[in-house]
Amino acid sequence: MASLAERREAIAEEQPASDPQARPEELRLLEALLFASAEPLDTATLAKRMPEGVDVKAALAQLQADYASRGVNLVRIASKWTFRTAGDLAWLMTRESTETRRLSRAAIEVLAIIAYHQPVTRAEIEEIRGVVTSKGTLDVLMETGWIRPRGRRKTPGRPLTFGTTEGFLSQFSLEALGDLPGLEELKGTGMLDTRLPTGFTVPTPSDDPTLREDEDPLEAGDLDLALAPAPKPESGGEGGDAA
């Protein structure tokens, strides 16, 4: 009767040799991390979970190419990586999708102004639109998670400044705000009148989260209005918001 070692050796001889063209292990690891994550992951986070010496950027580029023709694509949103259903197959998800509330024209206009002009205050939005902006319009956009208060302008009254969020980039499949259409593209889509005033320009949007020289950080009182995220509790500190 053959020993256990002899049987293992016989099985090994029957199995085909390993394929020299087998998929690199780092691609399998990246797949597992990205499929398991509920949120997009940035390169630094992925690199921490990979073996030492792996070129994560090159591996992501290879993985993206591997999935380019599949039903699921690897895409980069707001400098983070995630798997998404291929664009030409989005119709398959129609029945499973939840119908969203349609934004009003005013909300669309305000969202566009914030995207292109941020950081911008409510008064500045009204000056650009030429009409008063309802607080409810800003509330709706904040509820969608597409805009957020950034800080306070260093002017009398210290009004809030607004900017877009990563949720806005994800919703519109933008890697960065710089991917928003420029003047000529907007004309081509019919979203702007081709007979624009001389000197009319569309600003180059920036999603730099750093506060500018004319902005102050949000104040503790803004937390009571749910306009800013609550600070992380410090070890040994007292809990709760300031009265």
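Analysis parameters
- Residues numbered from 1 in each chain as written.
- Predicted model: local features only at pLDDT ≥ 70, side-chain atom pairs only at ≥ 80, totals over all residues.
- Heavy atoms only, no water.
- Phe/Tyr/Trp six-rings, centres within 6.5 Å; stacked < 30°, edge-to-face > 60°.
- Buried < 20%, exposed > 50% of the residue type's maximum accessible area, 1.4 Å probe, protein only.
- Lys NZ or Arg CZ within 6 Å of the ring centre and 35° of its normal.
- Pairing = 2+ DSSP bridges.
- Helix = DSSP H or I, 4+ residues; strand = E, 2+ residues; numbered from the N terminus.
- Contact = heavy atoms within 4.5 Å.
- Axes fitted to C-alpha atoms, helices over the stretch in contact; angles between N-to-C directions.
- pLDDT = per-residue confidence, 0-100.
- Salt bridge = Lys/Arg side-chain N within 4 Å of Asp/Glu carboxyl O.
- Core = buried A, V, L, I, M, F, W, Y, C linked by side-chain atoms within 4.5 Å.
- Parallel < 35°, antiparallel > 145°, perpendicular 65-115°, else oblique.
- Left-handed = near helix turned anticlockwise from the far one by under 90°.
- Nonpolar A, V, L, I, M, F, W, Y, C, P; charged D, E, K, R; others polar.

Enquirer: Any details on the packing of aromatic side chains? Residues and values, ideally.
Expert: Scanning all chains against the criterion turns up five aromatic pairs. Seen in terms of ring centroids, Phe168 and Phe172 are 5.0 Å apart; in terms of plane orientation they differ by 50 degrees. Their pairing is tilted. When its relative accessible area of 4% is taken as the criterion, Phe168 is described as buried. Take Phe172: its relative accessible area is 42%, and that puts it in the partly exposed class. Connected via pairs of aromatic rings, a cluster forms that spans Phe35, Tyr67 and Phe83. Arg70 extends its terminal NZ or CZ atom over the ring of Tyr67, reaching a point 4.5 Å from the ring centre.

Enquirer: Outline the sheet that holds strand β6 (residues 160–164), supporting the account with residue identities and numerical values.
Expert: Spatial strand order, β4-β6-β5-β7: four strands in an open sheet with antiparallel pairing. Every interior strand has two partners, whereas the edge strands, β4 (120–121) and β7 (215–216), have only one. Helix α5 (residues 105–117) rests against β4, β5 (147–153) and β6 of the sheet, and its axis sits at about 90 degrees to β6.

Enquirer: I'd like a description of the sheet that holds strand β2 (residues 72–77), backed by residues and values.
Expert: Spatially, the three strands line up as an open sheet ordered β1-β3-β2, and their pairing is antiparallel. One side of each edge strand has no neighbouring strand; the edge strands of this open sheet are β1 (41–42) and β2. Sheet topology note: the β1/strand β3 (residues 80–85) ladder contains two bridges and is antiparallel. Bridge assignment links Asp42 to a residue of β3, and that residue is Lys80. Running over the sheet, helix α2 (residues 25–36) touches β1, β2 and β3 and is turned about 75 degrees from β3. Against the sheet, helix α4 (residues 56–67) contacts β2 and β3, and its axis sits at roughly 140 degrees relative to β2.

Enquirer: Give a description of the confidence of the model for the protein chain that names residues and reports values.
Expert: The predicted model of the protein chain has a mean per-residue pLDDT of 79, with 73% of residues at 70 or higher. pLDDT under 50 marks residues 15–20. Its contacts with residues more than four places away, or in other chains, come to zero contacts. A low-confidence stretch, residues 226–243 (pLDDT under 50), is modelled with 13 contacts involving residues beyond four sequence positions or located in other chains.

Enquirer: So what about the pairing of β5? Which residues, and what values?
Expert: Burial within β5 is extensive, with six of its seven residues counted as buried. Here β5 folds back onto β6 in antiparallel fashion, the turn holding six residues, of which Gly157 has a positive phi close to 90 degrees. Note: β5 against β7, two bridges, orientation antiparallel. For Arg152, the partnering residue across the bridge sits in β7 and is Asp216.

Enquirer: Go over the pattern of salt bridges, please, and point to the residues and values.
Expert: Scanning the entire structure with this criterion turns up 14 salt bridges. One salt bridge in this structure joins Arg129 and Glu109, with 2.9 Å as the shortest N-O distance. Residue Arg129 is found in helix α6 (residues 122–129), and its partner Glu109 is found in helix α5; the two are separated by 20 residues along the sequence. Judged by its relative accessible area of 21%, Arg129 falls in the partly exposed class.

Enquirer: With reference to specific residues and values, describe the nonpolar core.
Expert: Judged by nonpolar contacts, the single largest core of 23 residues is most densely connected at Ile114, Ile125, Leu138, Ile147, Phe168 and Leu180. Every element with two or more residues in this core is listed here: α5, α7 (135–143), β6 and α8 (166–171). At seven residues, the largest contribution of residues to this core is made by α5. The contact partners of Phe168, leaving out residues within four places of it in the chain, are Leu111, Ala115, Gly145, Trp146, Leu174, Leu177 and Leu180.

Enquirer: Which residues make up the packing of α5 against α7, and what are the values?
Expert: α7 packs onto α5 with a crossing angle of 70 degrees between their chain directions and a minimal axis gap of 10 Å. Judged by the inter-axis angle, α5 sits roughly perpendicular to α7. Considering the relative orientation of α5 and α7, their crossing is right-handed. For the pair formed by α5 and α7, the contact residues are Ala106, Ala107, Val110, Leu111 and Ile114 on the first element and Thr137, Leu138 and Leu141 on the second. Here the contact of α5 with α7 is built from residues that sort into seven nonpolar, one polar and no charged.

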